[in-house]
Amino acid sequence: MDGNGRWAQQRGLPRTMGHRKGVEAVRGAVRAAGEAGIAYLTLFAFSSENWTRPETEVNDLMGLLKAFIRRDLAELHAENVRIRVIGSRENLRSDILPLLLEAEETTRQNSGLTLVIAFNYGARDEIARAAKKLAAMVAEGRLSTDEIDAVALDRQLDTRGIPDPDLVIRTSGEERLSNFLLWQAAYAELLFVPEFWPDFTREIFFAALETYARRDRRFGGVKSAAVSG
Ligand code: FPP
């Protein structure tokens, strides 16, 4: 969800206004994902590196996330949306963690779209925490080093039980992953769109899905037509 700040700057508004408008785009994207029959939508809401932003901006983003959960949780629950939160939960502010846990708990049994909120998330941190868990299991004698493989590590990630993403979309024209789902996106299709996140409409989302549908995914193999001759 990149480009909130630049969207605001272009209009001579404070960055905060870009984030506010960004929340509206979040609502639109969740609705559009549901309509498209997407099973999992992951939004990068706050990275483990975002803490280095000015305190006022961090506070504003925290406030927006809190307001989103407070205001939208009942509606999301009514729409059968399940919420999962990925990212480090260590040292999270006492006004945020309980809300995130409540959102997960309230929607646990829902079977519609799973909305994954990446909060205080960084892929390298996630992988390091998973490695630490495996090391602890070995130290406790619950796992042998020979049993450590990609599947074992995958099971210790925050995303356990969530399939790998098929498509990663980044807005605002920046073409990098910035520590987002580095492990899980190994075979994901990447799509970079020029629009800033607040301008990410349903139409742009659906056009992205059409682009994705035309991509040829081989997962390291060869095209089935090439195999048959
Ligand atoms: C990137 O724009 C956006 C963010 C760092 C925050 C995204 C968070 C929200 C929209 C609010 C809360 C989230 C949810 C799920 C309700 P940027 O500030 O990096 O923009 P710039 O690159 O133009 O400065």
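Fair warning: this is a prediction, and the values are worked out from it, not measured in the lab.

**Overview of the overall build of the chain**
If you tally the helices and strands in the chain, you get eight helices and five strands. The C-alpha radius of gyration computed for the chain amounts to 19 Å, which stays within 12% of the reference 17 Å derived for 229 residues, consistent with globular compactness. Taking the principal axes of the C-alpha coordinates as reference, the chain spans close to 55 × 50 × 35 Å. Taking all 229 residues of the chain together, 42% fall into the buried category. For the chain, the share of sequence-separated contacts (at least 6 apart) that also reach a separation of at least 24 residues comes to 73%. Accessible surface for the chain amounts to roughly 12600 Å². Of this, 51% is attributable to carbon and sulfur atoms. One finds the centroid of the 31 positive side-chain charges in the chain at a distance of 2 Å from the centroid of its 33 negative side-chain charges.

**Side note on the site of the ligand**
Close contacts around the ligand come from 16 residues, with M1, G5, R6, R15 and R53 the closest. N4 is positioned such that a nitrogen or oxygen atom in its backbone is 3.2 Å from an oxygen atom of the ligand. Contact between the ligand and R53: an oxygen atom at 2.8 Å from a side-chain N or O atom of the residue. Protein coverage of the free-state accessible area of the ligand, which is 630 Å², stands at 92%. Secondary structure elements with two or more residues in the shell around the ligand: α1 (4-10), α2 (15-35) and α3 (55-78).

**Structural notes on the nonpolar core**
With 39 residues, the main nonpolar core has L41, I69, I83, L100, L115 and F119 as its most contacted residues. Going through the elements one at a time, α2, β1 (40-47), α3, β2 (82-86), α4 (97-106), β3 (114-121) and α7 (202-214) are the ones with two or more residues in this core. Tallying contributions element by element places α3 first for this core, with nine residues. In contact with L100, other than residues within four places in its own chain, are L65, I69, V85, L92 and F119.

**So, α2**
An ideal rise of 1.5 Å per residue puts 30 Å on 21 residues; α2 measures up with 30 Å between its terminal C-alpha atoms. Listed in full, the buried residues belonging to α2 are G18, H19, G22, V23, A25, V26, A29, V30, A32 and A33. Buried positions along α2 lie against α1, β1, α3, β3 and α7.

**Some points on the sheet that holds β1**
Spatially, three strands are ordered β1-β3-β2 in an open sheet, and the strand pairing comes out parallel. For this open sheet the edge positions go to β1 and β2, each flanked by a neighbour on one side alone. Taken pair by pair, the neighbouring strands of this sheet meet at an average axis angle of 20°, ignoring direction. Judged from the five bridges that link them, β2 and β3 form a sheet pairing that is parallel. Bridge assignment links I83 to a residue of β3, and that residue is L115. Across the sheet, α3 lies against β1, β2 and β3, angled at about 160° from β3, the strand it touches most.

**Observations concerning the packing of α2 against α7**
Axis separation between α2 and α7 bottoms out at 9 Å; the angle between their running directions is 45°. With respect to α7, the element α2 is oriented oblique. Crossing geometry of α2 relative to α7 is assigned as right-handed. Taken together, the residues of α7 that come into contact with α2 (itself represented by A29, A32, A33 and E35) are R202, F205 and F206. The class makeup of the residues in the contact of α2 with α7 is five nonpolar, no polar and two charged.

**Notes on the pattern of salt bridges**
Throughout the structure, instances matching the rule amount to 21 salt bridges. The salt bridge partner of E174 is R6, with a shortest N-O separation of 3.2 Å. Note that E174 is positioned in the loop between β4 (167-170) and β5 (189-192) and R6 in helix α1, a separation of 168 residues in sequence. The class of R6 is partly exposed, set by a relative accessible area of 26%. For the salt bridge of D72 with R27, the shortest nitrogen-to-oxygen distance reads 2.6 Å. Of this pair, D72 sits in helix α3 while R27 sits in helix α2, placing them 45 residues apart in sequence. Judged by relative accessible area, R27 falls into the partly exposed class, the value being 26%. In this structure, a network of salt bridges that share partners links the residues D2, R6, R170, E174 and R176.

About the criteria used
Residue indices begin from 1 for each chain and proceed along its sequence in written order. The predicted nature of this model means local features are confined to residues of pLDDT at least 70 and side-chain atom pairs, given and counted, to a pLDDT of 80 or more, with totals for whole chains, interfaces and linings taken over all residues. Derived side-chain values reflect all non-hydrogen atoms in the structure, with water molecules and hydrogen atoms excluded from consideration. Secondary structure counts use DSSP, requiring at least four H or I residues in a row for a helix and at least two E residues in a row for a strand, with both numbered from the N terminus. What the globule rule says is 2.2 Å times the number of residues to the power 0.38, and the radius of gyration is computed from C-alpha atoms. Think of it in three bands: residues with accessible area under 20% of the maximum for their type are buried, residues over 50% are exposed, and the middle band is partly exposed, with areas taken using a 1.4 Å probe on protein chains only. Contacts between residues were defined by any pair of non-hydrogen atoms, one from each residue, lying within 4.5 Å. Here the open area of atoms and residues is found with the Shrake-Rupley method and a 1.4 Å probe, where only the protein chains shown may cover a residue. In this count, Lys and Arg are taken as positive residues and Asp and Glu as negative ones, while His and the chain termini are left out. By convention, charge coordinates are those of NZ in Lys, CZ in Arg, CG in Asp, or CD in Glu. Put simply, a residue is near a molecule or strand once any heavy atom of it comes within 4 Å of that molecule or strand. Pairing of N or O atoms within 3.5 Å defines a polar contact, subject to two protein rules: one partner must be a possible hydrogen donor and the other a possible acceptor, and residues neighboring in sequence count only if both atoms are side-chain atoms. Residues belong to a common nonpolar core when they are buried Ala, Val, Leu, Ile, Met, Phe, Trp, Tyr or Cys residues joined through side-chain atoms within 4.5 Å. Expected span of a helix: the number of residues minus one, times 1.5 Å. Note on pairing: two strands pair once DSSP finds at least 2 bridges between them. For helices, the axis comes from a line fit to the C-alpha atoms of the stretch in contact; other axes are also lines fit to C-alpha atoms, and the angle between any two N-to-C directions lies between 0 and 180 degrees. Reported orientations rely on four angle classes, namely roughly parallel under 35 degrees, roughly antiparallel over 145, roughly perpendicular from 65 to 115, and oblique for the rest. Left-handed is the label given to a crossing in which the near helix is rotated counterclockwise from the far helix by less than a right angle, and right-handed is the label when the rotation is clockwise. In this count, Pro and Cys sit with the nonpolar residues alongside Ala, Val, Leu, Ile, Met, Phe, Trp and Tyr, while Asp, Glu, Lys and Arg are called charged and the others, Gly among them, polar. Whenever Lys or Arg places a side-chain nitrogen within 4 Å of a carboxyl oxygen from Asp or Glu, that contact is recorded as a salt bridge.

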